Amino acid sequence: MSDIATRLDVFKTYKLFVGGKFPRSESGRVYEVTDSKGQWLANAPLGTRKDTRDAVLAARAAVKGWAGTTAYNRGQVLYRVAEMLQGRREQFAAEVAAAEGLGAKKAAALVDQAIDRWVWYAGWTDKVAQIAGAANPVAGPYFNLSVPEPTGVVGIVAPQAGYGHSFLGLVSVIAPAIATGNTVVVAAAADAPLPALSLGEVLATSDVPGGVVNIISGRTADLAPTLASHQDVNALDLTGAIAADGPGAAAVLEAAAADTLKRVLRPAVDPSAQDWTSAPGTGRLLSFLETKTVWHPMGQ
Amino acid sequence: MAKNKKTQEPVAATVAATPKGGLFDYAPAPESPAAAGDIATSYGHFIGGDFVDSSGSEALKTVNPATEQVLAEFAQGTEEDVDRAVKAARKAFGGWSELPGSERAKYLYRIARIVQERSRELAVLESIDNGKPIKETRDFDLPMVAAWFFYYAGWADKLDCAGFGPNPRPVGVAAQVIPWNFPLMMLAWKIAPALATGNTVVLKPAETTPLTALRFAEICRQAGLPKGVVNIVTGDGRTGAALTAHPDVNKVAFTGSTNVGRSIARQLAGSRKKLSLELGGKAANIVFDDAPIDQAVEGIVNGIFFNQGHVCCAGSRLLVQESIQDELLEALKRRMATLRVGDPLDKNTDIGAINSAAQLARITELTAAGEAEGAERWSPACELPSAGYWFRPTIFTGVTQAHRIAQEEIFGPVLSVLSFRTPDEAVAKANNTPFGLSAGIWTEKGSRILWMADRLKAGVVWANTFNKFDPTSPFGGYKESGYGREGGRHGLEAYLDV
């Protein structure tokens, strides 16, 4: 009798986050996610190329509304994500601790930083145009402005697990891309996808329109090449594409992206040494912007 | 000039007199080809501050496209030549990048001034080598070249204030490959920001237009530019490929066709070399029913017939609101009948020669496809000179979005006309290509201009004007028109380690 609990925990079926909904993978398959000691944590959906393409469709459909909303509104939506995360801080601390094999205190600190990162980028939505735009003093009677605009759909290979990358790293790559009005399809860290899938639940309750963020779990080597070669993905963030070779390797993905002349953000020289706890700066924010220059004559 | 062999006689202007436009007669107003200065019979590369012979024996010829006369021979750069040039640039990099910005600035100001001083010579030489009208080289290309150096000279000592951090560093050795449509202007767009930010460069001009780049090398010497800071290697695509693939270049800047850009992007994948691409376009020039018709017609003509249409941001798709289509086309045809096609060195010439036989063949092929697919072709009656490469200004009406002439870049004086009814339809049609370089809007309604500009997927939007450029103003494309911007503060980023 002693090993029969009086009350069973209710396990969560982890699902993908696509178009604001939580579909199971079309593969009908899952893969085992374990903690750092190899203990089973949950089954994650084994996302496929088809799931990825569906997510791109959802992301494309969301571009017009999200890019078209006011920067003020986008800022509030991002701040709302921080609010929702704050309320689920303990859950995420536990998931990050399990995913990364970290102590509770360290994991909680990483979650706090992730919350603060949403707040930091929330504040950027209505300021980035003022640091990236320009009024150009051309030599002629013209009114001439350069304004930054979102690139469109950004495919993101999220940082792989290790030292909190599965959550703080994930937030650090999603938030800047959507702060500037892009929509994203994210291939979550393959070995530690649970914090990412749970983030979907937070985003769904944070006024983030469906399709703005889409999160797929699965093998990076299955998901990333689809993002890299997809005709309707405009930019590619290869932060988590670290394998030395194989279909998920950064160089292979960058070459695939060349066919559609996607904007590519390359991974760090040593991605495992990337310090996500340091101040992010504006690099990622500016990476997924285009500059549009508009000319108009001045006269009477 | 030591290595450049004996000079030849100035090339005579043998192009037939410009045909009459029907409205006015003009007496010929020829510019003197002698103003181009001495053109050597054969040129080597400019490496490490000297003109040097190629390691290979292959030579290419550059011809005057208006006469088909050979102007000079020049070297087909080998891998060894490219390597030598990159080594020279690498050697010069340390000193150049450590030079105080204020001193680098002075070199750039010197270059700007010498370009202004030698402007007529360069304009005539450009016109002879490229085939573009002298009034464009004189009034557009050369002033723009000087302005570009002047503008970036001023950035050289202010880089810490440019918004790229307190101590932005140059990337290193920049490999630059440029096209033939604006040979000297493209050189200036590439070299000025690279030098201002402390990089050294190896530039490859196009194989049909190397002469002004080689003349620019002389200007670098007159300016006292340290040896190896600017290196020029001539040749065709093979030389370009050797340059962009060279393991010791840190940055590649390319302007040219989308296909070549794509292959460079593929070639550089995984290399960590920085890359900026300015590629093709298929700009929509959108005219609403409330637009001032005469101004719009001027804008359409400038948009597509400027530089024989050899312009990546040319307004090659006219989208006209259905209610004014007939009126606009009539006015456009009337205006086109006054365009003067012929001798590029005649100051009255509006449309010069097509740059090369190959380019003429490409334009001919695509326009044939337009007719075959059912679009209606129209050109004003005009005589063309018997020698040289020429193409009449041409418009196609009844074009649908599926036609090749509505989707593919023609890069010649060929306009495809489509119509629309609502602003939404105009936006949808304008954005319906893989390109996204430029667009034009013609309407008197300010709110509609801003609404349209917001929705057009294009890096440059000209409202009630077209084909305007300025060094202070970022230029570059969305989508498959490439990435990165040239011009303005944004143009510095391509050459900084950020």
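Check the entry above for the structure.
Residues numbered from 1 in each chain as written. Chains lettered and ligands numbered in written order. Predicted model: local features only at pLDDT ≥ 70, side-chain atom pairs only at ≥ 80, totals over all residues. Heavy atoms only, no water.

To continue, consider the overall build of chain B. Secondary structure summary: chain B contains 15 helices and 17 strands in total. In terms of C-alpha radius of gyration, chain B reaches 22 Å, essentially the compact-globule figure of 23 Å for 498 residues. Structurally, chain B occupies a C-alpha span of about 65 × 55 × 35 Å along its principal axes. Relative to its 498 residues, chain B shows a buried fraction of 64%. Taking the intrachain contacts of chain B between residues at least 6 apart in sequence as the baseline, contacts between residues at least 24 apart amount to 77%. Accessible surface for chain B amounts to roughly 17000 Å². Of this, 51% is attributable to carbon and sulfur atoms. (Helix = DSSP H or I, 4+ residues; strand = E, 2+ residues; numbered from the N terminus. Rg over C-alpha atoms; globule rule 2.2 N^0.38 Å. Buried < 20%, exposed > 50% of the residue type's maximum accessible area, 1.4 Å probe, protein only. Contact = heavy atoms within 4.5 Å. Areas by Shrake-Rupley, 256 points an atom, 1.4 Å probe, with all protein chains shown as cover.)

Counting residues at the interface gives 32 residues for chain A and 41 residues for chain B. With both chains or domains summed, chain A and chain B bury close to 2900 Å², and 51% of this area falls on carbon and sulfur atoms. Interface area lost by chain A to chain B is led by Leu261(A), Arg266(A) and Trp295(A), which between them contribute 24%. Here chain A and chain B share 2 salt bridges between them. Of the charged contacts, one joins Asp259(A) and Arg266(B) as a salt bridge, the two residues approaching to 2.5 Å between their closest N and O atoms. In this structure, the connection of chain A to chain B is made through 25 residue pairs in polar contact (both at pLDDT 80 or more). If you list the elements that add at least two residues to the side of chain A that touches chain B, you get helix H5 (128-132), strand E4 (142-150), helix H9 (250-258) and strand E10 (289-297) of chain A. In terms of residue count, E10(A) provides more of the side of chain A that touches chain B than any other element does, 8 residues in total. Across the side of chain A that touches chain B, the residue classes break down as 17 nonpolar, 7 polar and 8 charged. (Buried area = accessible area lost by both parts, 1.4 Å probe. Salt bridge = Lys/Arg side-chain N within 4 Å of Asp/Glu carboxyl O. Polar contact = N/O pair within 3.5 Å; in protein donor to acceptor, adjacent residues only side chain to side chain. Nonpolar A, V, L, I, M, F, W, Y, C, P; charged D, E, K, R; others polar.)

Attention now moves to the pairing of strand E12 (residues 317-321) of chain B. All names here are of chain B. Most of E12 is tucked away: 5 of the 5 residues are buried. Alternating residues of E12 divide into Arg317, Leu319 and Gln321 and Leu318 and Val320, and every residue in both groups is buried. One ladder, built from 4 bridges, connects strand E11 (residues 284-287) with E12; its direction is parallel. Its bridge partner lying in E12, Ile286 is registered against Leu319. Two strands pair when backbone bridges link them, and E12 and strand E15 (residues 414-420) are joined in this way by 5 bridges, in the parallel orientation. (Pairing = 2+ DSSP bridges.)

All names here are of chain A. Spatial ordering of the open sheet is given by E7-E6-E5-E8-E9, a layout of 5 strands whose pairing is parallel. Looking at the sheet topology across the chains shown, the edges are occupied by strand E7 (213-216) and strand E9 (263-265). Taken pair by pair, the neighbouring strands of this sheet meet at an average axis angle of 15°, ignoring direction. Both strand E8 (residues 235-237) and E9 contribute to a ladder of 3 bridges, which runs parallel. Looking across to E9, one finds that Asp237 is bridged to Leu265. Contacts from helix H1 (residues 49-68) reach strand E5 (153-157), strand E6 (183-187) and E7 within the one sheet, and its direction differs from that of E6 by about 155°. (Axes fitted to C-alpha atoms, helices over the stretch in contact; angles between N-to-C directions.)

Turning our attention to the packing of aromatic side chains. Residue and element names in this part refer to chain B. Considering all chains together, one arrives at 23 aromatic pairs over all chains under this definition. With a centroid separation of 5.1 Å and 90° between ring planes, the pair formed by Phe140 and Phe306 is classed as edge-to-face. Here Phe140, found in helix H4 (residues 134-155), pairs with Phe306, found in the loop between helix H9 (293-305) and E12; they are 166 residues apart in sequence, far enough to count as distant. Where Trp148 meets Trp189, the ring centres are 4.4 Å apart and the plane angle is 20°; that geometry is what we call stacked. Separated by 41 residues along the polypeptide, Trp148 in helix H4 and Trp189 in helix H5 (residues 183-196) bring together distant segments of the chain. Assigned by exposure class, Trp148 and Trp189 land together as buried. (Phe/Tyr/Trp six-rings, centres within 6.5 Å; stacked < 30°, edge-to-face > 60°.)

Below, the discussion takes up the sheet that holds strand E16 (residues 438-442) of chain B. The strands making up a sheet are joined through hydrogen bonds of the backbone, oriented either antiparallel or parallel. Across the sheet, 10 strands lie side by side as E3(A)-E4(A)-E10(A)-E17(B)-E16(B)-E11(B)-E12(B)-E15(B)-E14(B)-E13(B); this open sheet has mixed pairing. Each edge of the open sheet is held by one strand with a lone partner, namely strand E3 (134-135) of chain A together with strand E13 (376-378) of chain B. Strands in contact with helix H10 (residues 325-336) of chain B are E11, E12, E13, strand E14 (394-397) and E15 of chain B; relative to E14(B), the strand with the most contacts, it is inclined by about 165°. Its contacts with the sheet put helix H14 (residues 446-455) of chain B on E4 and E10 of chain A together with E11, E16 and strand E17 (460-463) of chain B, and the angle it makes with E10(A) is roughly 155°.

Turning to the pattern of salt bridges, a few remarks are in order. Residues and elements named next belong to chain B. One pass over the structure, following the stated rule, counts 46 salt bridges over all chains. Between Asp50 and Arg221 there is a salt bridge, and its shortest N-O distance comes to 3.5 Å. Of this pair, Asp50 sits in strand E3 (residues 50-52) while Arg221 is found in helix H6 (residues 211-222), placing the two residues 171 residues apart along the sequence. For Asp50, a relative accessible area of 36% corresponds to the partly exposed category. The exposure class assigned to Arg221 is partly exposed, which follows from its relative accessible area of 36%. Notably, a salt bridge pairs Glu98 with Arg169, separated by 3.4 Å at the nearest N-O pair.

Let us look at helix H4 (residues 104-122) of chain A. The terminal C-alpha atoms of H4(A) lie 27 Å apart, and with 19 residues this matches the ideal 27 Å at 1.5 Å per residue to within 8%. For H4(A), the full list of buried residues reads Ala107(A), Ala108(A), Leu110(A), Val111(A), Ala114(A), Ile115(A), Arg117(A), Trp118(A), Tyr121(A) and Ala122(A). (Expected span 1.5 Å × (residues − 1).)

If you look at the biggest cluster of nonpolar residues, it comprises 119 residues, and the most contacted ones within it are Phe149(B), Phe216(B), Val230(B) and Leu332(B). Among all residues touching Phe216(B), those that are not within four sequence positions of it are Ile111(B), Phe149(B), Leu184(B), Leu187(B), Ile191(B), Val230(B) and Ile232(B). Counting residues in each nonpolar core, the second largest holds 62 residues, with Ile156(A), Ala177(A), Val213(A) and Leu265(A) among its members. (Core = buried A, V, L, I, M, F, W, Y, C linked by side-chain atoms within 4.5 Å.)

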